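Listed here are the chains, written in short residue letters.
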Amino acid sequence: MLRLLIVFMAVLLISLHSASARTLYVSKTGDGSTGVSWETGFPTVTEAIESATAGDHIWVASGSYNEAISLKPEIELYGGFSGNENEDQFDLRSWRTNATILDATGLHSTVVNGAENCQIDGFTITNGEGRFTVNTGSGGIACFNIQKMVIANCRIVNNRAFYEMVGNSVLGGVGGGINGNNANVDIYSCEILSNRADIFGGGIALLQGNHVVENCLFDQNFGSGLVVESADSISVTHCTFGLFNTSYVFPSKGPDISVTGTPFGSFKLTNSIIRNTSVPYGSVASYNNVKGASGNGNIDIDPEWRNPEDGDYRLRLSSPCIDSASTEGLSTDLDGNPRPVDVLGAGHDGPGAFDMG
């Protein structure tokens, strides 16, 4: 009887939680009264977050919002809406067409501070300044001491992590675009561009925790594209590291990826393109186009990008990376196009003909 009562109470609590979950709206044309429709939408993302409770979704209409925000636990924040979608038309949003920008210009702050079990999806995150003595030190998105955080369909552009001198100690300066420290961070389908860290991790720094980086582009980051330090595990899949991530020996190229202190074999690199850096020591790498390649499915050859000097890292039809990845991969590429597409005569043929990168 007691067991039945416990089950009943658990189901009731789940039902009450689901029933209380809401969709809140942010729109520059909303009147700010209740936030439960586009017409009554909040004018700022911060106001919507302050009104949100666990389980709520926040939809943000396209536009530029001069804000630095702090997420709450268990909310989901989505950009890319035109501002006309009904609640059952989530799939009509387009984060590329309806640019939704969180811009911290003049605020001298991290743009987004993460929270437990949150998702941020469909934003351009730009002009953040991470200063350790003021906030968490990351420029774009800071994920500190978080069990789970998802970042998807975002452009992380032109953010910087500054270092601070506190007495004789150097603090901050880590993770210009994203900093995940003692956190489990999953990053999907993002562009990590033109970010800088004064110490390391210009694009992304992931320190401690379990991490996934999938279907992402890294380019023009100063202080390396991706730095992994003392992580428990990390998987990098279907990523492209462009030609112009730089170290601090300017204008040298790379390292695209730097890995230290991570257990041997806990870094898995699959179906990716890295031309400025060799496979990180201790990683498990397969089906990549990477310098000094050896091992299962890896190659070391010009990937034949269309126009990398202008940031176009799509593959030419003659690219050796086409249909040369593993036989399992993503359902869409970074442009949202369906994958795989089998190019007859290139790589391996059939339903599992995925591309590298």
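The rules behind each value
- Residues numbered from 1 in each chain as written.
- Predicted model: local features only at pLDDT ≥ 70, side-chain atom pairs only at ≥ 80, totals over all residues.
- Heavy atoms only, no water.
- Helix = DSSP H or I, 4+ residues; strand = E, 2+ residues; numbered from the N terminus.
- Rg over C-alpha atoms; globule rule 2.2 N^0.38 Å.
- Buried < 20%, exposed > 50% of the residue type's maximum accessible area, 1.4 Å probe, protein only.
- Contact = heavy atoms within 4.5 Å.
- Areas by Shrake-Rupley, 256 points an atom, 1.4 Å probe, with all protein chains shown as cover.
- Pairing = 2+ DSSP bridges.
- Phe/Tyr/Trp six-rings, centres within 6.5 Å; stacked < 30°, edge-to-face > 60°.

1. Remarks on the overall build of the protein chain
Logical step 1: Summing up its helical and strand segments, the protein chain has two helices and 32 strands in all.
Logical step 2: Computed over its C-alpha atoms, the radius of gyration of the protein chain comes to 21 Å, within 12% of the 21 Å expected for a compact globule of 357 residues.
Logical step 3: By its C-alpha atoms, the protein chain is 60 × 60 × 50 Å across when sized along the principal axes.
Logical step 4: Across the 357 residues of the protein chain, 52% fall into the buried class.
Logical step 5: A separation of at least 24 residues holds for 57% of the contacts in the protein chain among residues at least 6 apart in sequence.
Logical step 6: Carbon together with sulfur atoms contributes 54% to the accessible area of the protein chain, which is approximately 15,700 Å² in total.

2. Let's talk about the sheet that holds strand β6 (residues 100-103)
Logical step 1: Here we have nine strands laid out as an open sheet, ordered β3-β6-β9-β13-β18-β22-β25-β28-β30, and parallel in their pairing. Where the open sheet ends on each side, the last strands, each with one partner, are β3 (63-65) and β30 (289-291).
Logical step 2: Two elements, strand β22 (residues 217-219) and strand β25 (residues 240-241), share two bridges in a ladder whose sense is parallel. When the bridges of β25 are listed, Leu217 appears paired with Thr240.

3. With respect to the side chain of Asp219
Logical step 1: Secondary-structure assignment places Asp219 in strand β22.
Logical step 2: Given a relative accessible area of 3%, Asp219 falls into the buried group.
Logical step 3: Ignoring sequence-local partners within four residues, the contact set of Asp219 consists of Ile192, Leu193, Ser194, Gly242, Leu243, Phe244, Asn245 and Tyr313.

4. A closer look at unusual backbone geometry
Logical step 1: Arg339 connects to Pro340 through a cis peptide bond whose omega is 5°.
Logical step 2: The topology assignment puts Pro340 in the segment after β32 (312-315).

5. With respect to the packing of aromatic side chains
Logical step 1: Summed over all chains, the structure comprises nine aromatic pairs.
Logical step 2: Geometrically, the ring pair formed by Tyr25 and Trp38 is edge-to-face, given 4.7 Å between the ring centres and 65° between the ring planes. Pair noted here: Tyr25 is in strand β1 (residues 23-26) and Trp38 is in the loop between β1 and α2 (45-51), with a separation of 13 residues, a long-range link. Exposure class is identical for Tyr25 and Trp38. Each is buried.
Logical step 3: Ring plane angle 80° and centroid distance 4.9 Å describe the contact between Tyr78 and Phe90, whose orientation is recorded as edge-to-face. Pair noted here: Tyr78 is in strand β5 (residues 76-81) and Phe90 is in the loop between β5 and β6, with a separation of twelve residues, a long-range link.

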